[in-house]
Amino acid sequence: MSNQEYQQYVAAMAKPSPMGKNLVWAFLVGGGICAMGQGLSTLYERWGAGENALPLVSLTLVFLAALLTGLGVFDDIARKAGAGTLVPITGFSNAMVSPALEFQSEGRITGTGAKIFTVAGPVLAYGVFASVVYGCYLMLIL
């Protein structure tokens, strides 16, 4: 079977994705997460957190996503909402906790410790690198 024949076979067998429905779910869930973050921010400010309200929101969202990942609920939500759950900070939390859970049977060091950054490690490395490059650019230009 040639590559072209294989591609035709895959296209014929693949179930079409309901793009409109997927977009609505991603929008609603992602928007819901962001609305929850805004609500938490308002709540923390009313409780007197002041300038610490936003870091507390991030911490709360990361904790909730990690908890839901550990309970197996986050994956069910992500399966339905797609990128709506992965774009906000909750996706980063899920990317850290999922490999840690998956490889915990290999031990704390060689399993959890070594694999926890398999997805998030490159994001962190390139994020730090990009911020250094951008900071140097701003120093030279300004």
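Check the entry above for the structure.
Owing to the predicted nature of the structure, the values given are computational and were not obtained by experimental measurement. (Residues numbered from 1 in each chain as written. Predicted model: local features only at pLDDT ≥ 70, side-chain atom pairs only at ≥ 80, totals over all residues. Heavy atoms only, no water.)

Asker: So what's going on with the overall build of the protein? Which residues, and what values?
Answerer: Along the protein, the regular secondary structure elements total 8 helices and 0 strands. Counting helices and strands in the order they occur from the N terminus, the protein gives α-α-α-α-α-α-α-α. Rg of the C-alpha trace for the protein: 20 Å, well past the compact-globule value of 14 Å for 142 residues, more than 25% over. With the principal axes as the frame, the protein shows a C-alpha extent of 65 × 45 × 35 Å. Here the protein holds 142 residues, and the buried ones make up 22% of them. In the protein, of all internal contacts separated by at least 6 residues, the share reaching a separation of at least 24 is 50%. Of the roughly 10,300 Å² that the protein leaves accessible, carbon and sulfur atoms contribute 69%. Across the protein, the centroid of the 7 positively charged side chains sits 8 Å from that of the 7 negatively charged ones. (Helix = DSSP H or I, 4+ residues; strand = E, 2+ residues; numbered from the N terminus. Rg over C-alpha atoms; globule rule 2.2 N^0.38 Å. Buried < 20%, exposed > 50% of the residue type's maximum accessible area, 1.4 Å probe, protein only. Contact = heavy atoms within 4.5 Å. Areas by Shrake-Rupley, 256 points an atom, 1.4 Å probe, with all protein chains shown as cover. Lys, Arg positive; Asp, Glu negative; His and termini not counted. Charge placed at Lys NZ, Arg CZ, Asp CG, Glu CD.)

Asker: Lay out a nonpolar patch on the surface in plain terms, naming residues and giving numbers.
Answerer: On the surface, a nonpolar cluster with roughly 590 Å² of combined accessible area is contributed by M36, F63, L64, L67, L71, V73 and I77. Elements supplying a minimum of two residues to the nonpolar patch: α3 (53-70) and α4 (73-81). It is α3 that contributes the most residues to the nonpolar patch, 3 residues altogether. (Patch = residues over 30% accessible without salt bridge, like charges linked within 9 Å, V, L, I, M, F, W, Y side chains within 5 Å. Salt bridge = Lys/Arg side-chain N within 4 Å of Asp/Glu carboxyl O.)

Asker: Help me get a handle on the nonpolar core, residues and values and all.
Answerer: Grouped burial of nonpolar side chains is what soluble globular proteins tend to show. In terms of nonpolar packing, the biggest core is built from 5 residues, these being L40, Y44, A53, V57 and L61. Mapped onto this core, the elements with two or more residues apiece are α2 (19-46) and α3. It is α3 that provides the largest number of residues to this core, a total of 3 residues. Leaving out residues up to four positions away in the same chain, L40 has contacts with V57, T60 and L61. (Core = buried A, V, L, I, M, F, W, Y, C linked by side-chain atoms within 4.5 Å.)

Asker: Give me the environment of I89: which residues, what numbers.
Answerer: Mapped onto the elements, I89 comes out in helix α6 (residues 89-102). Separated by 27 residues in sequence, I89 and V62 have C-alpha atoms that sit 6.6 Å apart. With sequence-adjacent residues up to four places away left out, I89 is seen in contact with S58, L61 and V62.

Asker: Quick one: what's the story with the packing of aromatic side chains, residue by residue and with numbers?
Answerer: Using the criterion set out here, one finds 2 aromatic pairs in the structure. Ring geometry for Y44 and W47: centres 6.0 Å apart, planes at 55 degrees, overall tilted. Judged by its relative accessible area of 64%, W47 falls in the exposed class. (Phe/Tyr/Trp six-rings, centres within 6.5 Å; stacked < 30°, edge-to-face > 60°.)

Asker: How would you sum up the environment of L64? Please name residues and give values.
Answerer: Take L64: it is sitting in helix α3. Its relative accessible area of 31% is what places L64 among the partly exposed residues. Note: C-alpha distance between L64 and T90 (26 residues apart in sequence) is 8.0 Å.

Asker: Describe α6, listing the residues and the values that go with them.
Answerer: Between its first and last C-alpha atoms α6 spans 21 Å; for 14 residues at 1.5 Å apiece the expected length is 20 Å, and the two agree. Those residues of α6 that fall on the buried side of the exposure criterion are T90, G91, S93, N94, A95, M96, V97, P99 and A100. Against α2, α3, α4, α5 (83-86), α7 (108-115) and α8 (120-141) lie the buried residues of α6. (Expected span 1.5 Å × (residues − 1).)

Asker: Pulling in residues and values, what's your account of the packing of α2 against α4?
Answerer: The geometry of α2 relative to α4 is characterised by a closest axis approach of 8 Å and an angle of 135 degrees between their N-to-C directions. On the basis of their axis angle, the class for α2 and α4 is oblique. Across the interface between the two elements, W25, A26 and V29 of α2 pack against I77, K80 and A81 of α4. Each residue belonging to the contact of α2 with α4 can be placed in one class, and the counts come to 5 nonpolar, no polar and 1 charged. (Axes fitted to C-alpha atoms, helices over the stretch in contact; angles between N-to-C directions. Parallel < 35°, antiparallel > 145°, perpendicular 65-115°, else oblique. Nonpolar A, V, L, I, M, F, W, Y, C, P; charged D, E, K, R; others polar.)

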